[in-house]
Amino acid sequence: MATILVLDGDETTLSCLHDVLEAFGHTVLPTMTQEAAVSVAQGLRFDLFLVDVEQEGIDTTLLVKALLASSPNAVLVAVSNYPKAQRTLEAVAAGATCLMRKPFEIGRILHLLEGICP
Amino acid sequence: MTSDKEQTVAKLLEESHEMVLRFAAMTGKSHVEEISAAVQKQTLEALDHGLEPSVDGFFDLFVEDDAMTALAEFRPPSGEGKPLDLDLIEAALQKYSINHGILWDQIRRGLDGCNLDRRFLSGVVVAQGTAPVVFVPGHLRIDQRTEAKPTASDTPVDFKQITPFVMVKRGDLIAMRMAEIPGVVGTDVKGQEVPFPTQKVPFWTPGSNVVDTAVGFEAAVDGRLVLSPPTFEVNPVLELKEGVDYRTGNIHFKGEVLVLGKVAAGFAIEAGGGLSCTSVLDAFDVKVGNDLVTPGGIIGNGPGRVEVGGQVTAKFLEHIYLLAQGDVHAAACVLNSVVKTRGKLELGEKGILAGGQIHALDGADMFQIGTPTGPQTELYLGLDFLGMEHILWIRERTKELHAQLTKVDSAIPYGGHRVADLKEAAKKLRVEIIQLTETAREQLMKLGQNEEATLTVRGSVYPGTLVEICHMRFVVTQKLTAVRFSLDKRKGIIAVTALGTEATTPSASSGKKR
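*Asks:* Go over the overall build of chain A, please, and point to the residues and values.
*Replies:* Tallying secondary structure elements over chain A gives 5 helices and 5 strands in all. Starting at the N terminus and walking to the C terminus, you meet the elements of chain A as β-α-β-α-β-α-β-α-β-α. For chain A, the residues scored as buried account for 46% of the 118 residues in total. In chain A, the proportion of contacts linking residues at least 24 apart, taken out of those at least 6 apart, comes to 67%.

*Asks:* Tell me about the packing of helix 3 (residues 60-70) of chain A against helix 4 (residues 86-94) of chain A, and please be specific about residues and values.
*Replies:* Packed helix pairs are specified by the crossing angle of their axes together with the interaxial distance, meaning the distance between the axes. Residue and element names in this part refer to chain A. Two elements in contact, helix 3 and helix 4, have axes whose closest approach is 8 Å; the angle formed by their N-to-C orientations is 30°. In terms of their interaxial angle, helix 3 and helix 4 are classed as roughly parallel. In this structure, the crossing between helix 3 and helix 4 has a hand that is right-handed. Contact residues: Thr60, Thr61, Val64 and Lys65 in helix 3; Arg87, Glu90, Ala91 and Ala94 in helix 4.

*Asks:* Explain the interface of chain B and chain A residue by residue, including any values.
*Replies:* Bring the parts together and some accessible area is lost; that lost area is often taken as the interface size. Across the boundary between the two partners, chain B contributes 20 residues, which contact 17 residues of chain A. Among the elements of the structure, strand 20 (292-308), strand 21 (312-318), strand 23 (328-341) and strand 25 (352-360) of chain B are those that each provide at least two residues to the side of chain B that touches chain A. Residue composition of the side of chain B that touches chain A, grouped by class: 10 nonpolar, 7 polar and 3 charged.

*Asks:* Could you give an account of the environment of Thr465(B), naming the residues involved and the relevant values?
*Replies:* Residues and elements named next belong to chain B. Locating Thr465 in the fold gives a position in the loop between strand 29 (455-461) and strand 30 (466-469). Thr465 sits in the buried class, given 25 other C-beta atoms within 10 Å. Sequence-distant contacts of Thr465, that is, excluding residues within four places in its chain, are made with Ile369, Gly370, Thr377 and Val476.

*Asks:* Quick rundown of unusual backbone geometry? Include the residues and the values.
*Replies:* Glycine aside, residues mostly have negative phi, and peptide bonds are mostly found in the trans state. The step from Lys102(A) to Pro103(A) runs through a cis peptide bond, and the omega angle for that step is 0°. Assignment of secondary structure puts Pro103(A) in the loop between strand 5 (98-100) and helix 5 (106-116). Cis geometry is adopted by the peptide bond preceding Pro230(B), which originates at Pro229(B) and carries an omega value of 5°. Tracing the sequence through the fold places Pro230(B) in the loop between strand 12 (223-228) and strand 13 (231-235). With a phi close to 45°, Cys470(B) is a non-glycine residue in the positive phi region. When you line up the elements, Cys470(B) lands in the loop between strand 30 and strand 31 (472-475).

*Asks:* I'd love a proper account of helix 4 of chain A, names of residues and values included.
*Replies:* Residues that lie three or four places apart on an α-helix share one face, since the helix turns once every 3.6 residues. Residue and element names in this part refer to chain A. The complete set of buried residues in helix 4 reads Thr88, Ala91 and Ala94. For helix 4, the arc enclosing every buried residue in end-on projection is 130°, short of the 170-degree limit, so these residues lie on one face. The exposed set on the far side of helix 4, more than 90 degrees from its buried face, consists of Gln86 and Ala93. Tucked inside the fold, the buried residues of helix 4 contact helix 3, strand 4 (75-79) and strand 5. Taken from the residues just after helix 4, Gly95 is the one with a positive phi, measuring 130°.

*Asks:* Tell me about the confidence of the model for chain B, and please be specific about residues and values.
*Replies:* For any part of a model where pLDDT is low, the fine detail of the predicted coordinates should not be relied upon. For chain B, per-residue confidence averages 84 on the pLDDT scale, and residues scoring 70 or more make up 85% of the total. Low confidence marks residues 146-151 of chain B, where pLDDT is under 50. Its contacts with residues over four positions away, or in another chain, come to 11 contacts.

*Asks:* Break down the pairing of strand 31 of chain B for me, with residues and values.
*Replies:* Residues and elements named next belong to chain B. Only one face of strand 31 is buried, namely the one carrying Met472 and Phe474, since none of Arg473 and Val475 on the opposite face is buried. Sheet analysis places strand 30 next to strand 31, joined by 4 bridges and oriented antiparallel. Bridging across to strand 31, Ile469 finds its partner in Met472. The turn joining strand 30 and strand 31, which pair antiparallel and follow one another in sequence, is formed by 2 residues; a positive phi near 45° is taken by Cys470.

*Asks:* So what's going on with helix 4 (residues 104-115) of chain B? Residues and values would help.
*Replies:* Residues and elements named next belong to chain B. Compared with the 16 Å implied by 1.5 Å per residue over 12 residues, the 16 Å span of helix 4 between its first and last C-alpha is a close match. Ile107, Gly110, Leu111 and Cys114 are the residues of helix 4 that are buried. What you see down the axis of helix 4 is that its buried residues fit within an arc of 100°, all on one side. In helix 4, the exposed positions angled more than 90 degrees off the buried face are occupied by Asp105, Arg108 and Asp112. Along its buried surface, helix 4 packs onto strand 2 (69-75), helix 3 (86-95) and strand 3 (121-128).

*Asks:* Tell me about the sheet that holds strand 1 (residues 3-7) of chain A, residues and numbers included.
*Replies:* All names here are of chain A. Strand order across the open sheet formed by 5 strands is 2-1-3-4-5, with parallel pairing between neighbours. Two strands lie at the open edges of the sheet, namely strand 2 (27-31) and strand 5, each paired on one side alone. Pairs of neighbouring strands in the sheet enclose a mean axial angle of 20°, with direction left out of account. In this structure, strand 4 lies alongside strand 5, joined through 3 bridges in parallel fashion. Bridge pairing in strand 5 places Ala78 opposite Leu99.

*Asks:* So, the packing of helix 5 (residues 385-411) of chain B against helix 6 (residues 419-446) of chain B: which residues are in play, and what are the values?
*Replies:* Residues and elements named next belong to chain B. Look at helix 5 against helix 6: their axes get within 9 Å of each other, and the N-to-C directions meet at 160°. Comparing the axis directions of helix 5 and helix 6 gives the class roughly antiparallel. Considering how the two elements wind past one another, helix 5 and helix 6 form a crossing that is left-handed. Along the lines of polarity and charge, the residues of the contact of helix 5 with helix 6 split into 14 nonpolar, 8 polar and 6 charged.

*Asks:* I'd like a rundown of the pairing of strand 28 (residues 377-381) of chain B, residues and numbers included.
*Replies:* Residue and element names in this part refer to chain B. When you tally the buried positions in strand 28, you get 4 out of 5 residues, the bulk of the element. Where strand 25 lies against strand 28, 5 bridges are found, and the strand directions are parallel. Looking at the pairing, Gln357 lines up with Glu378 of strand 28. Of the strand pairs in this sheet, strand 28 and strand 30 are connected by 4 bridges, and their pairing is parallel. Each residue of the ladder has a partner; that of Leu381, found in strand 30, is Ile469.

What counts as what
Residues numbered from 1 in each chain as written. Chains lettered and ligands numbered in written order. Predicted model: local features only at pLDDT ≥ 70, side-chain atom pairs only at ≥ 80, totals over all residues. Helix = DSSP H or I, 4+ residues; strand = E, 2+ residues; numbered from the N terminus. Buried ≥ 20, exposed ≤ 12 C-beta atoms within 10 Å, placed from the backbone. Contact = placed C-beta atoms within 7 Å. Axes fitted to C-alpha atoms, helices over the stretch in contact; angles between N-to-C directions. Parallel < 35°, antiparallel > 145°, perpendicular 65-115°, else oblique. Left-handed = near helix turned anticlockwise from the far one by under 90°. Nonpolar A, V, L, I, M, F, W, Y, C, P; charged D, E, K, R; others polar. Arc of directions from axis to C-beta. pLDDT = per-residue confidence, 0-100. Pairing = 2+ DSSP bridges. Expected span 1.5 Å × (residues − 1).

What follows is the structure, given as structure tokens:
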């Protein structure tokens, strides 16, 4: 089972993702700020990062690099409704593996997790 | 020397002289052919005499081990031998004790062929016993038809259509009662009795969900025929332990379906009863007669749709087109889906609805609609989607008819000798439009409507959300928290009430849909 870090400014979205993914046996750590995400990432090894890159006040490049530095083998998904937005492009340039529409796509996440934890 | 002696000597000398003269003459060349012919004649006569000795006609019999058949050999007479006669054959039959099933016609034909045509005949059946009739005990015969349809040899096989399951409907005859066929003893060619054999038949005993009738056993319920010799029964639940894939084919089951594994993409499931999935239902084409329940979620797959006759209960719904006759319960979220229910949509304690369209006759209840930057969400409440779909279909057809009528009307001035035809076509189009309009009006009158339908949001509703109750529309322009949307019939607006206080918030966006 995978260990997943989710960064999203919407508490309900975090709660919902937590609820859904834990039902499939995964461990989900929800965070609402960049600082919290980086701090949590330091202490654990993650398989998947789900990061809302549209969130106000985050430095996308710094965040993505910090998360991937803490868990180099993890998959980082940038969550955004604007694939050509500056922040999205920065996330991809910094190492985001794929993009996902907001608020999230459960089918795609489960498919990704099947690849990570077959 | 006496005179007798002299006569004898004289005769001897004379014979010797004649012999010498005869042989001396035959040694000449002119007599070689004469000698050869004589030799040939002597040789052939001797040969003929050796090849065809005089032998009487001969008859021999052979009785097979089971004594059910006697075979004969007819050997014709040769030379000066006697022909075969019936007495000889009768004697042979008697010798072998053959007294039953004697085929006299065969024997006569054999005699004629043998004596008249001098033909050698062998393997001629001259006696045939009477075979016994097999005894078949009374038994049950199971109808093991399968659902797989035969296809033409040049038609590509859709392996998804092939299923190993035998589905039955209530009242289907699944085990036919076969009556006993009594056995009859036979007689061999020697007149001995041959006992009848007994046919081995399958032994079946009825299990659960089958009823005894005059002709056999019928299914008491819709379900799957299960054969566990010696028991046959109908299981109203189809349990798919390894999910749905090429091993199971598409599922068409009259009863309850329980899917314990995954449903592979592209496979259809049709359950006359309910459908339960323990994993995520990757829904391509799903039809459920009763309730659909999954502790996982339902994820739409391409253009497929999910039709449910009862309620839907799932952890989440994503990218699906769902039509449900009953309530829809999603514990976590409904994302980018079209959900149409003749009941109510209810989400869990922190349930999110984001994106897509909701049509719910009895309203909806959830924690949050949309996200700060999420997709637009539309909710149409208080109307029966089935009636609405019919009305919308009529509206589209009417538009098409109007467009056609415009074309026909504009062509009439230039119609030449076809003007009458064009006018007739225009008349028919107008009649059709009037009829469709009337049908739509009737449908609208009958349309299921629930003016008490409300939308309750315990958390936030984000801007961009469209709420429509019984054709009255409200567009959320600012984030609202803990509110209930309802129809204020007196004012003709959508009232937005804060939960707990029940105070009404003025709704500037509310109004009759144009």
